[in-house]
Amino acid sequence: MNKSEKSYVSSLYPITKLVFVACLIVSVFFLYNYIYDLVCFAAMVAIAASDGKGKAYIKTILKTIFILIVLIFLMQSFLHSGTHVLWHWGILTIHKEGIWYAINLSTTLLVIGGAIALLFKITEVEDLIHSLENSGMSPRATYVILSTLQIIPQMKMKSAVIMDAQRSRGVETEGNLMVRIKAFFPSLAPLVLSSIVGTEERAITLEARAFTANVKKTCLDMPQDSKHDKVLRIVLLVLLGILIVGRIILWIL
Amino acid sequence: MDIVEVRDLTYKYPTSSDQVLRGVSLRVKKGEFCSIIGPNGAGKTTLCNAIRGLVPHFYKGDMQGEVLINGQSTMDVSLADLALSVGFVFQNPFTQISGIAKTVFGELAFGLENLGVEPDEIRRRVSRMLEVAKLQDLAERSPFEISGGQQQRVALASIIIMEPEILVIDEPTSQLDPQSTEEIFEIIQLMKMQGKTIILVEHKIDLVAQYSDHVVLIEDGSIVMDGSTDEILSDPAVLQHGTSLPQFALLGIEMRKRGYRLDKIPITEAQAVEQIGGYFTEKAVD
């Protein structure tokens, strides 16, 4: 992203974005309504687009949550029983109630999954974690999260190397399911073991870099919290509060 | 003054059946470049770990004797505090990456962040260090996506930037090509010129001869030879302990055997040119 022209979204403090996403997710449970859900989703797409990430965001959704939602939609439509039969074939029956239930459930999931995906699209994980550390999270937790993010691609590369090595020793890794299952252990075991061995040296590396030194750490790229962010967070929480209280009052009445 | 003193150190890892170090005593002076040589499994790395405090703080096990850094026993100082005076670089470049920084710049900054150095000061020191270690071009690259030699330079630079008085460097070049090896030695040499004390484990004996002041030969957990570089690396006895001699020393020894009367066994190229070249010039004059 071009740093000189920061979009409004990217100028926000990561905790603000986290609060926004959390509020959105909680609100879905109180307004169990597919229209609200779809409006939320449209808003999220708009937010992503305003940060120049609309396309990437939709792509992520299609590749992940969307598939899950389609499956859940189908399962719920078939499994949920009711009185109004819409369609019937052999042992398969779709009821009107099932469809409604499935629509509501899947749009709710769309918002929950979409909100989480949005958070990670519009926030650098490093920034988010650093700001959490700023609000009192342990640096050890920070390390665990951030190093995991860095190490997963490394593990992927390593596993490719191990697969190659095992192939050169005559282990079949391609072919039908049985062949793949057989290749699973010879390729996975070295990956896990070498990672465990690497842990010792990683720990020494951290000791060598004074990770356990008893001083307050500094951070080079600490995102800055602003007054604007604080106000925004309060507004969001108040809105959520109004929603919850309103909902409870409606229930009671 | 002796900045590092090892007193009668005997140590056994929790998982080993035999003692890895047996009555090791060693003194290293401030500003000295001390190389530890010896066959594989002799206990060189364990000795490094002891000087760094990882033995016994990290590895536990039975330790007798003591290691003094600046006169203070490593037993009395926490590992984190020791890290401030003793920097440690080891063999495998891949595991010496913190795994948290996205760029080489961040990797160098990591140690200073842990020490709570102010961000502006960190940026200044990192920029300077990038220059010293010739890493400017890599500053924005991921530390995982550079070559092994570059990673080792990053690892070394990440330690040096924390400005420890003592650098313990365990086989830094064993996985590197000659070019990268040279670059690593250039940085180490620079540190020596800045007055740092350097303890290096290295198998590339010609480089040991060229750079170190003090050589210690370990075999089977005991120090069998200890003295100045000139003295040890010109001594054919080294060959009896599973270790090689610099090629120039081998040449000198062989020449002496065949009746050439060299004043001194050369151990580096420069000495060889002086000694052997000088010998033949004298002969020509005669």
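Residues numbered from 1 in each chain as written. Chains lettered and ligands numbered in written order. Predicted model: local features only at pLDDT ≥ 70, side-chain atom pairs only at ≥ 80, totals over all residues.

J.: How should the overall build of chain B be read in this particular structure?
T.: A count of helical and extended segments in chain B gives 11 helices and 10 strands. For a compact globule of 286 residues, the expected C-alpha radius of gyration is about 19 Å, and chain B comes in at 20 Å, within 12% of that figure. The C-alpha extent of chain B, read off along each of the three principal axes, is 70 × 45 × 35 Å. Per-residue burial for chain B yields a buried fraction of 48% across its 286 residues. Pairs at least 24 apart in sequence give 62% of the contacts found in chain B among residues at least 6 apart. (Helix = DSSP H or I, 4+ residues; strand = E, 2+ residues; numbered from the N terminus. Rg over C-alpha atoms; globule rule 2.2 N^0.38 Å. Buried ≥ 20, exposed ≤ 12 C-beta atoms within 10 Å, placed from the backbone. Contact = placed C-beta atoms within 7 Å.)

J.: Help me out: how do you make sense of the domain arrangement of chain B in this one?
T.: Often, the extent of an interface is quoted as the loss of accessible area upon association of its parts. All names here are of chain B. Assigned domains within chain B: domain 1 (2–236) and domain 2 (246–286). Contributing elements (two or more residues each) for the side of domain 1 that touches domain 2: α8 (205–211) and α9 (229–233). Split by residue class, the side of domain 1 that touches domain 2 holds 4 nonpolar, 3 polar and 2 charged. (Domains from an automatic or database assignment. Nonpolar A, V, L, I, M, F, W, Y, C, P; charged D, E, K, R; others polar.)

J.: What am I meant to see in the packing of helix α4 (residues 104–114) of chain B against helix α6 (residues 148–160) of chain B here?
T.: Between two packed helices, the angle of one axis relative to the other and the distance separating the axes together describe the packing. Residues and elements named next belong to chain B. Following both chains from N to C, one finds α4 and α6 inclined at 35°, their axes separated by 7 Å at the closest point. Judged by the sense of rotation from one axis to the other, the crossing of α4 with α6 is right-handed. Along the contact surface, α4 presents Val 104, Glu 107, Leu 108, Phe 110 and Gly 111, while α6 presents Val 154, Ala 157 and Ser 158. (Axes fitted to C-alpha atoms, helices over the stretch in contact; angles between N-to-C directions. Left-handed = near helix turned anticlockwise from the far one by under 90°.)

J.: Is there a simple way to explain the interface of chain B and chain A in this structure?
T.: Between chain B and chain A, the contact holds 31 residues from the first and 27 residues from the second. Put simply, the parts of the chain that give the side of chain B that touches chain A at least two residues each are α3 (79–85), β6 (86–89), α4, α5 (119–132) and α6 of chain B. Considering every element that reaches the side of chain B that touches chain A, the biggest residue donor is α4 of chain B, with 6 residues. Class assignment for the residues of the side of chain B that touches chain A results in 17 nonpolar, 11 polar and 3 charged.

J.: Please clarify how the sheet that holds strand β7 (residues 166–170) of chain B should be interpreted in this entry.
T.: Picture the strands of a sheet paired through backbone hydrogen bonds; they go either parallel or antiparallel. Residue and element names in this part refer to chain B. Pairing is mixed in the open sheet, where 6 strands are placed in the order β6-β7-β8-β3-β9-β10. Of all the strands in the sheet, the pair left with one neighbour each is β6 and β10 (222–228). Going from strand to strand, the sheet's axes swing by 15° on average, the running direction of each strand aside. Two strands pair when backbone bridges link them, and strand β3 (residues 33–37) and strand β8 (residues 197–201) are joined in this way by 4 bridges, in the parallel orientation. Bridge assignment links Ser 35 to a residue of β8, and that residue is Leu 200. Here α6 sits on the sheet in contact with β6 and β7, set at roughly 170° to β6. (Pairing = 2+ DSSP bridges.)

J.: Where do I start with helix α9 (residues 177–208) of chain A in this structure?
T.: Each α-helix turn comprises 3.6 residues. Residues three or four places apart therefore point the same way. Its 32 residues place the ends of α9 of chain A 46 Å apart at the C-alpha level, agreeing with the 46 Å of an ideal helix rising 1.5 Å per residue. Where α9 of chain A bends most, at Phe 184 of chain A, the angle is about 30°, and the proline Pro 186 of chain A comes one to four residues later. Of the residues making up α9 of chain A, those classed as buried are Ile 204, Thr 205, Leu 206, Glu 207 and Ala 208 of chain A. Buried residues along α9 of chain A sit against α2 (54–57), α3, β6 and α6 of chain B. Taken from the residues just after α9 of chain A, Ala 210 of chain A is the one with a positive phi, measuring 60°. (Expected span 1.5 Å × (residues − 1). Bend = angle between axes of the 7 residues up to and from the residue.)

J.: Explanation requested: the environment of Leu 135 of chain B in the structure shown.
T.: Residues and elements named next belong to chain B. Tracing the chain through its elements places Leu 135 in the loop between α5 and α6. A tally of 21 C-beta atoms within 10 Å means that Leu 135 is categorised as buried. In this structure the C-alpha to C-alpha distance between Leu 135 and Thr 74, which are 61 residues apart in sequence, comes to 33 Å. The residues contacting Leu 135, other than those within four sequence positions of it, are Val 104, Leu 130, Arg 153, Val 154 and Ala 157.

J.: How should the sheet that holds strand β1 (residues 2–12) of chain B be read in this particular structure?
T.: All names here are of chain B. Read across the open sheet, the 4 strands follow the order β2-β1-β4-β5; overall the sheet is antiparallel. If you trace the sheet from one side to the other, it starts and ends with β2 (21–29) and β5 (72–73), each paired once. Across 2 bridges, strand β4 (residues 62–69) lies against β5 in antiparallel orientation. Following the sheet pairing, Ile 69 is matched in β5 by Gln 72. The strands touched by helix α1 (residues 44–52) are β1, β2 and β4; relative to β1, the strand with the most contacts, the crossing angle is about 120°.

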